[in-house]
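Given next are the chains, with one letter for each unit.
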Amino acid sequence: MKAKIVGAGIGGIATAIRLAKKGYSVEVYEQNNYPGGKLTAFEQDGFRFDAGPSLFTLPELVDDLITLQKEGANIDFPYDKLDESCRYFWDDSTQLTAYTNPEKFSKEVEKVFDIPAKIITQYLKEASFKYEKSSKLFLEKSLHKTSTFFTKEIIPALLNIYRLGLFETMHQLNSTKLKHPKIEQLFDRFATYNGSDPYQAPGILTSIANLELNKGTYYPTEGMHQITERLVQVAESLDVKFNYNSSVEKIIIESGKAKGLQVNGEVLSADLVVSNMDVYPTYKKLLSDQQQPEAILNQERSSSALIFYWGINREFKELGLHNIFFSNDYKEEFRHIFKLKSVFSDPTIYVNVSSKQTPQDAPDGMENWFVMINVPANIGQDWDVIIPELKKTVIAKIGNRLGVALEQYIVTENILDPRSIESKTSSYQGALYGSSSNNRYAAFLRHPNFHQKIKGLYFSGGSVHPGGGIPLCLLSAKIIDDLSPNV
Ligand code: FAD
């Protein structure tokens, strides 16, 4: 049986591995001349940059795929568990280091903010509880099969429905539990891990903190791009064929069944088709003659991002691998992103410095900065005006906080913005995570991993169930594995 996959994003590669292991003969068609989609890297003037994701959680989901390699292939995937999860900076000179050990982190919060450590340990226990009770149902299974609701996993979720935080927003829940504006802000930030707004997203998303602050954050020994590289090797060990520079033009449907792809004018037959392309352009371009699920496609998009990749010709001891410089008005920042669709004048800035972990990513005595600001999805804002303004703001905010004139240290620069995210990966409006989770039904409103009317057509990746981010994209592949026919 032949499976054909549109796109070599992380969800496409993971699906290719699982279907090949199941016995399918798998070919992947990727429009770019490289795999990984958003999860790639590049080098510039002696600096190496991971282009997209920088935070790695749930490494066991990658390990799972590594174990599927062909016997004797000898592909390993080394990574380290990190002690620090993030360094947080506020303009008023407050600084807090978050640790991946919950007790150590709680004590640090007590030291810096005079909040009893037990408030944080209790909060993290609840985050773990919510995650454990809900993940089997919301993340690991299709929510679009009636059978899911007749499994034993549904019982813990239903029995604890009032404790899962489905009926209040993340911010409401955080302000009730934490009662300290800076710590509320820190925990509200987890909404951005799937491109959402803590003032609208349901409280169940407070469980995201469980990943970073209980289960821990990790780092592949050579950088994030290693995830893509190693998984492509695993797929190739199973005889998956990757076709690069191959833009898919159409998914061929005949008599209610997916029959193949059209690539460069050529029709290629298949028994099973998976689209790892964002679900919006999948319908609008590849399935344009089919009925369009407009309600799903028109959901609000997640946030996008503007990234400055900077080579910095000195080192900053104040910084760790992950750093956040918080806005002084978080609520206003999210109002700008989601309501006004514009960029706030005092944005929160994330700085990732992978050379802290892998010194060879920058020349001696220098650092590679990945500087990211959450911005609205692209609806035609004038980015050519916004970008230089934002650059000035970012330089001033970080510079003030670190007590330096930052611009003098920037020796090389590259920029990614919502338009280039869209053009490089076909992600509609440059959204990082498909649709936002800004309402309590969001989990049910994402597109299923299969087509409800067209047999043999499946969907993987961050724009479909269970959502965006590396772990969830990998889970979408697992669900397709569960749903697809055996060979
Ligand atoms: P994508 O990466 O969207 O790739 C889709 C692929 O399909 C692309 O290669 C594209 O070229 C190809 N394609 C599209 N159309 C066609 C076609 N017609 N024919 C052939 N090929 C086609 N996640 C985290 O877990 N941690 C983070 O720290 C994090 N940070 C992020 C920072 C940034 C700047 C970005 C952009 C994303 C970040 N994410 C993060 C999100 C994460 O990168 C994505 O959720 C994930 O990589 C998406 O994978 P995907 O499988 O949906 O495919």
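Bear in mind the structure is a predicted one, so any value in this text is a computation, not a measurement.

Caption draft 1: Fine view of the site of the ligand. By nearness alone, 35 residues border the ligand, and Gly-11, Glu-30, Lys-38, Gly-462 and Ile-470 come closest of all. Within the contact set of the ligand, an oxygen atom lies 3.4 Å away from a backbone nitrogen or oxygen of Ile-10. In this structure, Gln-31 approaches the ligand through a side-chain N or O atom, which is 3.0 Å from an oxygen atom. In the complex, 95% of the free accessible area of the ligand, which totals 1,000 Å², lies under the protein chains. Every element with two or more residues in the shell around the ligand is listed here: helix H1 (10-22), helix H14 (418-425) and helix H16 (470-483). For the shell around the ligand, the leading source of residues is H16, giving three residues. Among the residues forming the shell around the ligand, the class breakdown is 13 nonpolar, 19 polar and three charged.

Caption draft 2: Expanded view of the domain arrangement of the protein. On domain assignment, one finds that the protein holds domain 1 (2-40 + 61-68 + 221-299 + 437-483), domain 2 (119-216) and domain 3 (303-376 + 379-416). Using C-alpha coordinates to define each centre, domain 1 is positioned 31 Å away from domain 3.

Caption draft 3: A look at the packing of aromatic side chains. Applying the stated criterion across every chain, the model contains 28 aromatic pairs. Between Tyr-88 and Phe-326, the ring centres sit 5.6 Å apart and the planes meet at 10 degrees, which makes this aromatic pair stacked. Of the two residues, Tyr-88 is situated in strand S6 (residues 84-89) and Phe-326 in the loop between strand S15 (322-325) and helix H12 (330-340); the sequence distance between them amounts to 238 residues. Across this residue pair, the class does not change: Tyr-88 and Phe-326 are buried. Taking 4.7 Å as the distance between ring centres and 10 degrees as the angle between the ring planes, the aromatic pair formed by Phe-89 and Phe-325 counts as stacked.

Caption draft 4: Quick peek at the nonpolar core. Within the largest apolar cluster, 53 residues are counted, with the highest numbers of intra-cluster contacts made by Phe-105, Ile-183, Leu-186, Phe-187 and Phe-190. By residue number, the principal contributor to this core is helix H4 (residues 117-138), which donates five residues. Shared between two domains, this core takes at least three residues from each, and those domains are domain 2 (119-216) and domain 3 (303-376 + 379-416). With 47 residues, the next largest nonpolar core counts Val-28, Phe-56, Leu-211 and Ile-480 among its residues.

Caption draft 5: How the structure looks around the sheet that holds strand S2 (residues 25-29). Spatially, the five strands line up as an open sheet ordered S9-S2-S1-S13-S19, and their pairing is parallel. Edge positions in the open sheet fall to strand S9 (241-243) and strand S19 (457-459), since each of these has one partner strand only. This sheet shows a mean twist of 20 degrees between the axes of neighbouring strands, independent of strand direction. Bridging between strand S1 (residues 2-6) and strand S13 (residues 272-275) involves four bridges; their strand directions are parallel. Looking at the pairing, Val-6 lines up with Ser-275 of S13.

Caption draft 6: The arrangement of unusual backbone geometry in detail. Looking along the chain, the bond that leaves His-465 and enters Pro-466 is cis, with omega of 0 degrees. The topology assignment puts Pro-466 in the loop between S19 and H16. Even without a glycine there, the phi angle at Asp-239 is positive, about 70 degrees. With respect to the element layout, Asp-239 can be found in the loop between helix H9 (225-237) and S9. Even without glycine at this site, Ser-255 takes up a positive phi of about 45 degrees. In this fold, Ser-255 is placed in the loop between strand S10 (248-254) and strand S11 (257-263).

Caption draft 7: Seen up close, a nonpolar patch on the surface. Taken together, the side chains of Tyr-441, Phe-444 and Leu-445 make up a nonpolar region of the molecular surface, amounting to roughly 300 Å² of accessible area. Within the secondary structure, Leu-445 is located in helix H15 (residues 442-445).

Caption draft 8: Seen up close, the sheet that holds strand S7 (residues 95-99). Taken in spatial order, the seven strands make up an open sheet running S7-S6-S15-S16-S17-S14-S18, and their pairing is mixed. Each having just a single partner strand, S7 and strand S18 (410-416) make up the two edges of the open sheet. On average, adjacent strands in this sheet sit at an angle of 20 degrees to one another, irrespective of strand direction. Two elements, strand S14 (residues 304-312) and strand S17 (residues 367-375), share nine bridges in a ladder whose sense is antiparallel. In the sheet register, Tyr-309 faces S17, and the bridge partner there is Phe-370. Across the sheet, helix H8 (residues 208-215) touches S6 and S7, and the angle it forms with S6 is around 110 degrees.

Caption draft 9: Just the packing of helix H3 (residues 102-113) against helix H7 (residues 181-188), in detail. Closest axis-to-axis distance for the H3/H7 pair is 11 Å, and the angle between their directions is 145 degrees. Between H3 and H7, the residues in contact are Phe-105, Val-109 and Phe-113 and Lys-182, Ile-183, Leu-186 and Phe-187, respectively. Broken down by class, the residue content of the contact of H3 with H7 amounts to six nonpolar, no polar and one charged.

Caption draft 10: Seen up close, the pattern of salt bridges. Taken as a whole, this structure holds 25 salt bridges when the rule is applied. For Lys-4, the salt bridge is made with Glu-27, and the minimal N-O distance between the two is 3.9 Å. Highlighted residues: Lys-4 in strand S1 and Glu-27 in strand S2, separated in sequence by 23 residues. Classification of Lys-4 by relative accessible area gives buried; the value is 5%. Close ionic contact of Glu-108 with Lys-111 constitutes a salt bridge, the shortest N to O distance being 3.5 Å. Here the residue Glu-108 and the residue Lys-111 both occupy positions in helix H3, the gap between them amounting to three residues, near one helical turn.

Caption draft 11: View of the side chain of Asp-197. Within the secondary structure, Asp-197 is located in the loop between H7 and H8. In this structure, Asp-197 is buried with no salt-bridge partner, the nearest side chain bearing the opposite charge being Lys-339 at 5.4 Å. Apart from the residues lying within four places of it in its own chain, the contact partners of Asp-197 are Ala-191, Phe-334, Phe-338 and Asn-438.

Caption draft 12: The arrangement of the side chain of Asn-438 in detail. Examined against the element boundaries, Asn-438 turns out to sit in the loop between H14 and H15. Using a relative accessible area of 7% as the deciding quantity, one classes Asn-438 as buried. For Asn-438, the side chain forms a polar contact with the side chain of Glu-300, separated by 2.8 Å. With residues near it in sequence (within four places) discarded, Asn-438 still touches Ser-196, Asp-197, Gln-200, Ala-201, Glu-300 and Phe-338.

Thresholds applied
- Each chain has its residues counted from 1, running along the sequence as written.
- For this predicted model, a pLDDT threshold of at least 70 governs which residues receive local features, and a threshold of 80 or more governs which side-chain atom pairs are given and counted, while totals over whole chains, interfaces and linings are taken from all residues.
- Excluded from the side-chain calculation are hydrogens and water; included are all heavy atoms of the structure.
- Being near a molecule or strand, for a residue, means having at least one of its heavy atoms within 4 Å of it.
- Residues adjacent in sequence count toward polar contacts only when both atoms are side-chain atoms; beyond that, a polar contact is any pair of N or O atoms within 3.5 Å, and within protein one must be able to donate a hydrogen and the other to accept it.
- With residues, only the protein chains shown are counted as cover, and all accessible areas are computed by Shrake-Rupley using a 1.4 Å probe.
- Strands here mean DSSP runs of E at least two residues long; helices mean DSSP runs of H or I at least four residues long; both are numbered from the N terminus.
- Gly counts as polar in this scheme, as do all residues outside two lists: the nonpolar Ala, Val, Leu, Ile, Met, Phe, Trp, Tyr, Cys and Pro, and the charged Asp, Glu, Lys and Arg.
- Delimitation of the domains relies on an automatic or database domain assignment.
- Two rings from Phe, Tyr or Trp (for Trp, the six-membered ring) form a pair when their centres are within 6.5 Å of each other. A pair whose planes differ by under 30 degrees is stacked, one over 60 is edge-to-face, and the rest are tilted.
- Buried residues are those whose accessible area, probed at 1.4 Å on protein chains only, stays under 20% of the maximum for their type, while exposed residues exceed 50% and partly exposed ones sit between those limits.
- To form a nonpolar core, buried Ala, Val, Leu, Ile, Met, Phe, Trp, Tyr and Cys residues must be joined to one another through side-chain atoms within 4.5 Å.
- Paired strands, as defined in this entry, are two strands with at least two bridges between them according to DSSP.
- Axis geometry follows a simple rule: fit a line to the C-alpha atoms, using only the stretch in contact for helices, then measure angles between N-to-C directions, giving values from 0 to 180 degrees.
- Note that patches include only residues with greater than 30% relative accessible area and no salt bridge, and the join distances are 9 Å for like charges and 5 Å for nonpolar side chains (Val, Leu, Ile, Met, Phe, Trp, Tyr).
- Salt bridges, as used here, are contacts in which a Lys or Arg side-chain nitrogen is within 4 Å of a carboxyl oxygen on Asp or Glu.
- Contact criterion: two residues are considered in contact whenever any of their non-hydrogen atoms come within 4.5 Å of each other.
- Within this scheme the basic residues Lys and Arg register as positive and the acidic residues Asp and Glu register as negative, but His and the chain ends are omitted.

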